[in-house]
Amino acid sequence: MKKYLVTGCAGFIGTNFVYYMLKKHRDILLVNLDKLTYAGNPANLEGIGNDARHIFVKGDICDPELVSSLFGKYDFDYVINFAAESHVDRSISDPGVFVRTNVNGTFNLLSKAKDAWCDAEKNVWREGKKFLQVSTDEVYGALGKDGFFTETTPLDPHSPYSSSKASADLFVKAFHDTYGMPVNVTRCSNNYGPYQFPEKLIPLMINNARLHRPLPVYGDGMQVRDWLYVDDHCRAIDTVCSQGKPGEVYNVGGHNERTNLFIVKTVIDVMREKLGDGGISENLITHVADRPGHDRRYGIDPTKIGRELGWYPETSFEDGIVRTVDWYLDNTGWMESVTSGAYLRYYEENYGSRRKLTADKGFSE
Ligand code: NAD
Ligand code: TYD
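Residues numbered from 1 in each chain as written. Chains lettered and ligands numbered in written order. Predicted model: local features only at pLDDT ≥ 70, side-chain atom pairs only at ≥ 80, totals over all residues. Heavy atoms only, no water.

Quick notes on the site of ligand 1
Around ligand 1, the surrounding shell holds 28 residues, and the nearest of these are Ile-13, Asp-34, Ser-86, Tyr-161 and Lys-165. Within the contact set of ligand 1, an oxygen atom lies 2.6 Å away from a side-chain nitrogen or oxygen of Asp-34. Tyr-161 has a polar side-chain atom sitting 2.7 Å from an oxygen atom of ligand 1. Contact with the protein chains removes 97% of the 840 Å² of surface that ligand 1 exposes when unbound. Elements represented by at least two residues in the shell around ligand 1 include exactly helix H1 (12-24), strand S7 (130-136) and helix H5 (160-179). Broken down by element, the residue count for the shell around ligand 1 peaks at three residues, all from S7. Considered class by class, the residues forming the shell around ligand 1 number twelve nonpolar, twelve polar and four charged. (Near = heavy atom within 4 Å. Polar contact = N/O pair within 3.5 Å; in protein donor to acceptor, adjacent residues only side chain to side chain. Areas by Shrake-Rupley, 256 points an atom, 1.4 Å probe, with all protein chains shown as cover. Helix = DSSP H or I, 4+ residues; strand = E, 2+ residues; numbered from the N terminus. Nonpolar A, V, L, I, M, F, W, Y, C, P; charged D, E, K, R; others polar.)

Encoded structure:
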């Protein structure tokens, strides 16, 4: 039986990963270490019931004693590190916590994995171990109109979030290059799907649209992101964990580049049709002051993971967005539970002071 330490799996991608793995593999143990920050929600995991293959531990990846004790108790084969502060806008207003969790936390996990997996005197690594760092395409910075990110594109992060993720990636590389730790890094494009916290573009727009609230588009809305349905990302991580060549980075994406305005208009169309609600219309779109340092375009070249590991995305954007809207509309209780209290304060802080932009002032369509 393979034993995994999976971190941050009460958040968006981690939750989907736990469901994916429990469905896909019979004989596994997933120990899920999550601090339950604002982005972590134990209710996400209720569908697991009392399946003994999943054990939840509330705790911090930065805690050396806790992480050591988990290695002592479970003798993990794999560490898959999802835990992170993940939102660019929050990293602009409060960067320190991004350094703590994303850099120091990753370093702590690497150190404890090394203690458990490597005979320090002989520098011999135990067979069958791997550390997989779940990273992001944002570490590469921004693209112009042409070209794509490959695994050899130089790191050029711009936001405190992407800088902290790039720093973590470099520590993972250092543990491989210096100590010989078996590692992989995956760098995926923007994910969408169930359980995503509504601070991110798609669930935020779904929530605001159903309430007929303004849909805040940063700047001209012509920034481009490369969207991947979350289940495809989960399958990529599972594939890289079991088959990826140690020391390698794998980009994950599916050539699905869309402007933010296209995404918002698609959400409006899908919701209006499903709900038959004429109040959900493009009149809700409100251009607001842009994000400082906003990356203009991301685009992944996924050739390597396809060629070497046979991974290809399976969900088209057209299907994925309908499934996603369906999930949020079927789970309005979930949405309401995560958008009260602290969320309202966050919303006011991030959006309250953003100037509205009009076509004659501030941006051109
Ligand atoms: P998320 O913000 O939804 O979830 C993060 C989880 O980590 C939460 O459950 C939170 O409680 C937990 N966490 C935060 N700090 C912690 C700490 N110190 N100790 C333990 N747990 C802690 O994030 P997500 O969107 O699910 O992203 C997961 C990973 O995937 C991140 O590493 C992110 O950088 C990466 N990624 C995300 C995307 C995307 O589009 N969402 C794309 C590419 C890569
Ligand atoms: P986001 O979901 O925060 O992901 P990331 O910044 O990691 O790509 O944002 C996706 C894009 O949508 C990004 O270009 C910023 C933009 N955006 C808006 O225009 N309005 C919003 O309210 C949000 C949250 C994002």
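There is more to say, and it comes next.
Some remarks on the nonpolar core
Of all hydrophobic cores here, the largest spans 36 residues; its most connected members are Leu-215 and Met-271. Where this core is concerned, the elements lending two or more residues are helix H6 (201-210), strand S10 (215-218), helix H8 (260-275), strand S15 (285-288), helix H10 (317-330), helix H11 (332-338) and helix H12 (342-351). Of the residues forming this core, the biggest block, seven residues, is contributed by H8. Not counting the four nearest positions on each side in its chain, Leu-215 is found in contact with Met-205, Asn-208, Ala-209, Val-264, Ile-268, Leu-284, Ile-285 and Thr-286. Of all hydrophobic cores here, the second largest spans 34 residues; its members include Leu-33, Val-139, Val-183 and Val-185. (Core = buried A, V, L, I, M, F, W, Y, C linked by side-chain atoms within 4.5 Å. Buried < 20%, exposed > 50% of the residue type's maximum accessible area, 1.4 Å probe, protein only. Contact = heavy atoms within 4.5 Å.)

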